[in-house]
Amino acid sequence: MTQLLAPGHRMCAGCGDALATKFALKGAGDRCIVVSPTGCIEVSTTPYPESSWNVPWIHSLFDNAGAVAAGIEWGLKKLGKKEDTTVMVIAGDGATFDIGLQAMSGAFERGHDMVYVCVDNEAYMNTGIQRSGATPYDASTTTSPAGKVSFGNPLPKKNMPAIMADHGSPYVATASIAYAKDAIRKVARAAEIEGPAYIQIHAPCCTGWKFDSSKTVEVGRLAVEAGLWPMYEMIDGRIEKAKKIRDRKPVEEYLRMQGRFKHLFTMEGGEEEIARIQAIADWNAEYYEME
Amino acid sequence: MDRENMSVVDGAYAVAHAVNVCKPDVVAAYPITPQTNIVEHISQFIADGEMDDVSINVESEHSAMSLLVGASSVGARAYSATASQGLVLMSEVLFNVSGMRLPIVVTVVNRAMSAPLSIWNDQQDSISQRDTGWIQLYAEDVQEAADMTAQAFKIAENSNVLLPVMVCMDGFILSHVYEPVVLLEDDLIDEFLPGYSPLAVLDPDNPKTFGAFADPGAYTEFRYLQEVAMKNAIPVIEDAADEFKEVFGRYQGGLIDEYMAEDAEIMIIAMGSVVGTIKEVIPELRAKGVSVGIIKIRSFRPFPAEAIRKAVASAKVIVTLDKNISIGLGEGALFTETKSVIYNSSIRTPVIGFMLGHGGRDIPKARIEQIVMEAGEVMKRGITVESRYADLKEELL
């Protein structure tokens, strides 16, 4: 069978985004039209005159994927060609959490039938690892660097799934590239459901998070096992099926694998910061009833 | 003109009606004065079952244009209307639309830019977007704004063009005025405007990549081809006006139109509704022995260089009127562009420019007379001031 994302693209070895994109396509199938805003996936897969995409694909701008997807859906319906076609956005976290939020909010409010997949690698990786609204607390990025008087990003990660669920989305889910079957199943389910569905796939970035490129899946799994990446589905705004974690691992194990958190282990006061991150995981475990 | 077929309607209604007759598949817009009446009329047509349910209310002009990118990419005929801040909010997407060669049509109801906030008319909004790669047409009156809408779709969708089109009409002066017009004839439209047949669409049965990025090895050629398409549009705009005349019996000019221009020594160049005022003044001045005429610019992009060079043959002085200013250059776009197209030819006619009617300031006939008289002085004494505001209130400074 033809690979919907053909090999030969320019994404990094060990790229979490590439895995997430493959899983999204596997879930949605070949009857889909993909919208990608500007980002790693876009620039790595479509240097003119080449393209990795074996499904129809469009890039317009950084900040408008939700509206472009809405136009495709509305246009297909008006032309009587919607039928079994899935309209799917595959976007990074910057395009989703920050600059594209308005267009996405409008699209979800209006209820267009689409699957919006946010491939979350927790910073602007395409432009060189700058902080986004998805960057976790204390991560060092090039615009929230750790330094003598800074532990890195001072703000917590924005809760996008809750924001999209509150738009009245019938289906919201989180997934991870470390759990392939689960991610594929969730995208397939989202594609079946009428209306705007949102799936956020955690996609570790070896380049931006600074870990060995052979460890992508391992890092992704640790985020889940430490309780920092809760995996759940929301049906009509209610959380269902949050993944249970047996023997939850300390966040330290997850943080220690990544250069972006290295300063927490060398700076004075780092222990307190790690304790704060542990508290985030503990809160997650309780709120999502992981244990 | 056939008086029995005329209706007295507001400009927005005439345009909304024309849009309906052109059968767009998707309309997306966001309300902004003085464009609102167009989308309100369209909404009412749909609510009354007189138009297919194609319209969608979006959360910004940026999203309106972005939504049309998606719709046009699957082969839908796509339309929006906006003004001023809304057009400029779209700006990022406007470049994208022309680069992707999507034949979207937008009515721009021209309005001044903030600050200071002004809801009233000038043309700073669309002029500021002149380099976005959109064809820009300017209407003189309501009839032309409506008729131009049909021509715009035909021009945009021509396979040698495939560029988006702005139909610009002056806010309030045209959008809110009630004029007797012939509403675009539904029974004749199919003869003039066939359905849109896109060259390529997003289709799972035939997957294509839209909007790939171009490195320095290919970017220039994409931009060059947009310019080629603009050049291709020159005869297409003329043909659309001629064909429109054949089918509907109305003609308002091609790239330009001329009025008493053939032998005029003082040649006015202007666009938009002020042309109507000027056409009132010209016969009165002619009666007093003043040799004056006007070239009306219908197509600002592509700019009608050849047509202007030909039309100014008799002129001893050219005077441009601009409802916009390039701050830092101190002149309006028509002045700059007119100089740029004539001075590399053998023409050495002096050109002076007046800016006026900004932020909705009224342009009375007396102002036009004063400008023509001042231009007449240039014939005798040469240029003293190249470009200035014609209606500045010194007492407010």
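What counts, and at which threshold
- Residues numbered from 1 in each chain as written.
- Chains lettered and ligands numbered in written order.
- Predicted model: local features only at pLDDT ≥ 70, side-chain atom pairs only at ≥ 80, totals over all residues.
- Heavy atoms only, no water.
- Helix = DSSP H or I, 4+ residues; strand = E, 2+ residues; numbered from the N terminus.
- Rg over C-alpha atoms; globule rule 2.2 N^0.38 Å.
- Buried < 20%, exposed > 50% of the residue type's maximum accessible area, 1.4 Å probe, protein only.
- Contact = heavy atoms within 4.5 Å.
- Areas by Shrake-Rupley, 256 points an atom, 1.4 Å probe, with all protein chains shown as cover.
- Lys, Arg positive; Asp, Glu negative; His and termini not counted.
- Charge placed at Lys NZ, Arg CZ, Asp CG, Glu CD.
- Polar contact = N/O pair within 3.5 Å; in protein donor to acceptor, adjacent residues only side chain to side chain.
- 1 Å grid on protein atoms, 1.4 Å probe; cavity = no way out; pocket = protein on both sides within 12 Å on 5 of 7 lines; lining within 4 Å.
- Points joined across faces, edges and corners; volume = space filled by probe spheres on them.
- Nonpolar A, V, L, I, M, F, W, Y, C, P; charged D, E, K, R; others polar.
- Phe/Tyr/Trp six-rings, centres within 6.5 Å; stacked < 30°, edge-to-face > 60°.
- Domains from an automatic or database assignment.
- Buried area = accessible area lost by both parts, 1.4 Å probe.
- Salt bridge = Lys/Arg side-chain N within 4 Å of Asp/Glu carboxyl O.
- Patch = residues over 30% accessible without salt bridge, like charges linked within 9 Å, V, L, I, M, F, W, Y side chains within 5 Å.
- Pairing = 2+ DSSP bridges.
- Axes fitted to C-alpha atoms, helices over the stretch in contact; angles between N-to-C directions.
- Right-handed = clockwise from strand over helix to strand, strands pointing away.

Undergrad: Can you explain the overall build of chain A? Please cite residues and give values.
TA: Scanning chain A from N- to C-terminus turns up 11 helices and 10 strands. Rg of the C-alpha trace for chain A: 18 Å, near the compact-globule value of 19 Å for 291 residues, within the 12% margin. Per-residue burial over chain A gives 58% buried out of 291 residues. Considering only contacts in chain A between residues 6 or more positions apart, those separated by 24 or more positions represent 69%. If you sum the accessible surface of chain A, you get close to 11,600 Å²; carbon and sulfur atoms cover 52% of it. Side-chain charges in chain A split into 31 positive and 36 negative, and the spacing between the mean points of these groups amounts to 3 Å.

Undergrad: Residue-level account of the side chain of B:Asp170, with values.
TA: All names here are of chain B. Here Asp-170 shows up in strand β7 (residues 165-170). Residue classification places Asp-170 among the buried residues on the basis of a relative accessible area of 1%. Side-chain polar atoms of Asp-170 contact the side chain of Asn-121, separated by 3.0 Å. Sequence-distant contacts of Asp-170, that is, excluding residues within four places in its chain, are made with Val-109, Asn-110, Asn-121, Gln-123, Ser-175, Gly-272, Ser-273, Val-274 and Lys-323.

Undergrad: Can you lay out the environment of B:Asn121 for me, pointing to particular residues and giving the numbers?
TA: Residues and elements named next belong to chain B. One can find Asn-121 in the loop between β5 (105-110) and α5 (124-127). On the basis of relative accessible area, Asn-121 is assigned to the buried category, the value being 1%. Setting aside residues no more than four positions away along its own chain, Asn-121 makes contact with Asn-110, Arg-111, Ala-112, Asp-170, Gly-171, Ile-173, Lys-323, Gly-357, His-358, Gly-359 and Gly-360. Reaching out from Asn-121, the side chain makes a polar contact with the backbone oxygen of Asn-110 at a distance of 3.2 Å.

Undergrad: Summarise empty space enclosed by the protein; cite the residues concerned and give the values.
TA: All names here are of chain B. According to the stated counting rule, one finds one cavity of 30 Å³ or more in the structure shown. Here the largest cavity defines a volume of roughly 50 Å³. Surrounding the largest cavity, Gln-123, Met-271, Val-274, Leu-321, Asp-322, Lys-323, Asn-324, Leu-334 and Leu-356 form its lining. Residues of the lining of the largest cavity, tallied by class, amount to five nonpolar, two polar and two charged.

Undergrad: Please provide a residue-by-residue account of the packing of aromatic side chains, values included.
TA: Residues and elements named next belong to chain B. Counted by the stated rule, this structure contains 16 aromatic pairs over all chains. Seen from their ring centres, Tyr-13 and Phe-45 are 5.5 Å apart, and the 80° between their planes marks the pair as edge-to-face. Of this pair, Tyr-13 sits in helix α1 (residues 11-21) while Phe-45 sits in helix α2 (residues 36-47), and the two are 32 residues apart along the sequence. Take Tyr-13: its relative accessible area is 23%, and that puts it in the partly exposed class. By relative accessible area, Phe-45 is classed as buried at 5%.

Undergrad: Just give me the short version of the layout of surface pockets, but keep the residues and values in it.
TA: Residue and element names in this part refer to chain B. Considered as a void within the structure, the largest pocket measures approximately 1,100 Å³ in volume. What lines the largest pocket is a set of 38 residues, and nearest its centre among them are Gly-99, Met-100, Arg-101, Gly-211 and Phe-222. Going through the elements one at a time, α3 (61-73), α4 (84-99), β9 (209-210) and α8 (219-248) are the ones with two or more residues in the lining of the largest pocket. With eight residues, the single largest contributor to the lining of the largest pocket is α8.

Undergrad: Tell me about the domain arrangement of chain B, and name the residues and values.
TA: All names here are of chain B. Domain boundaries in chain B define domain 1 (3-248) and domain 2 (256-396). Centre-to-centre, using C-alpha coordinates, domain 1 lies 27 Å away from domain 2. Domain 1 puts 28 residues into the contact, and the matching count from domain 2 is 23 residues. Both sides together, the interface formed by domain 1 and domain 2 hides about 2,100 Å², and carbon and sulfur atoms give 50% of it. Our count for the contact surface shared by domain 1 and domain 2 stands at six salt bridges. The interface formed by domain 1 and domain 2 contains 16 residue pairs in polar contact (both at pLDDT 80 or more).

Undergrad: Talk me through a negative patch on the surface; I want residue IDs and the actual numbers.
TA: All names here are of chain B. Taken together, Glu-191, Asp-239, Asp-242 and Glu-246 make up a surface patch of like negative charges. In terms of residue count, α8 provides more of the negative patch than any other element does, three residues in total. Looking at where Glu-246 falls in the secondary structure, it is placed in helix α8.

Undergrad: Could you give an account of the sheet that holds strand β3 (residues 55-57) of chain B, naming the residues involved and the relevant values?
TA: The strands making up a sheet associate through hydrogen bonds between their backbones, and the pairing can be parallel or antiparallel. Residues and elements named next belong to chain B. Taking strand neighbours across the sheet as the criterion, the seven strands line up as β3-β2-β4-β5-β7-β6-β13 in an open arrangement whose pairing is mixed. Each having just a single partner strand, β3 and β13 (299-301) make up the two edges of the open sheet. The sheet shows a mean angle of 20° between the axes of neighbouring strands, direction not considered. Bridge count between strand β6 (residues 135-138) and β13: two bridges; the pairing is antiparallel.

Undergrad: Kindly report on the pairing of strand β1 (residues 32-35) of chain A, identifying the contributing residues and their values.
TA: All names here are of chain A. Burial of β1 is two-sided: the residues Cys-32 and Val-34 facing one way and the residues Ile-33 and Val-35 facing the other way are all buried. Alignment of β1 against strand β2 (residues 57-58), held across two bridges, turns out to be parallel. Bridge pairing links Val-35 to Ile-58 in β2. In this fold, the crossover linking β1 to β2 by way of helix α2 (residues 40-45) has right-handed handedness.

Undergrad: Before we move on, can you summarise the interface of chain A and chain B with the specific residues and values?
TA: Listed as interface residues are 38 residues of chain A and, on the opposing side, 39 residues of chain B. Together, the buried faces of chain A and chain B total about 2,900 Å²; carbon and sulfur atoms form 63% of this surface. Broken down residue by residue, the surface that chain A buries against chain B is led by A:Tyr48, A:Trp74 and A:Arg110, which jointly contribute 20%. Counting across the chain A and chain B interface gives two salt bridges.

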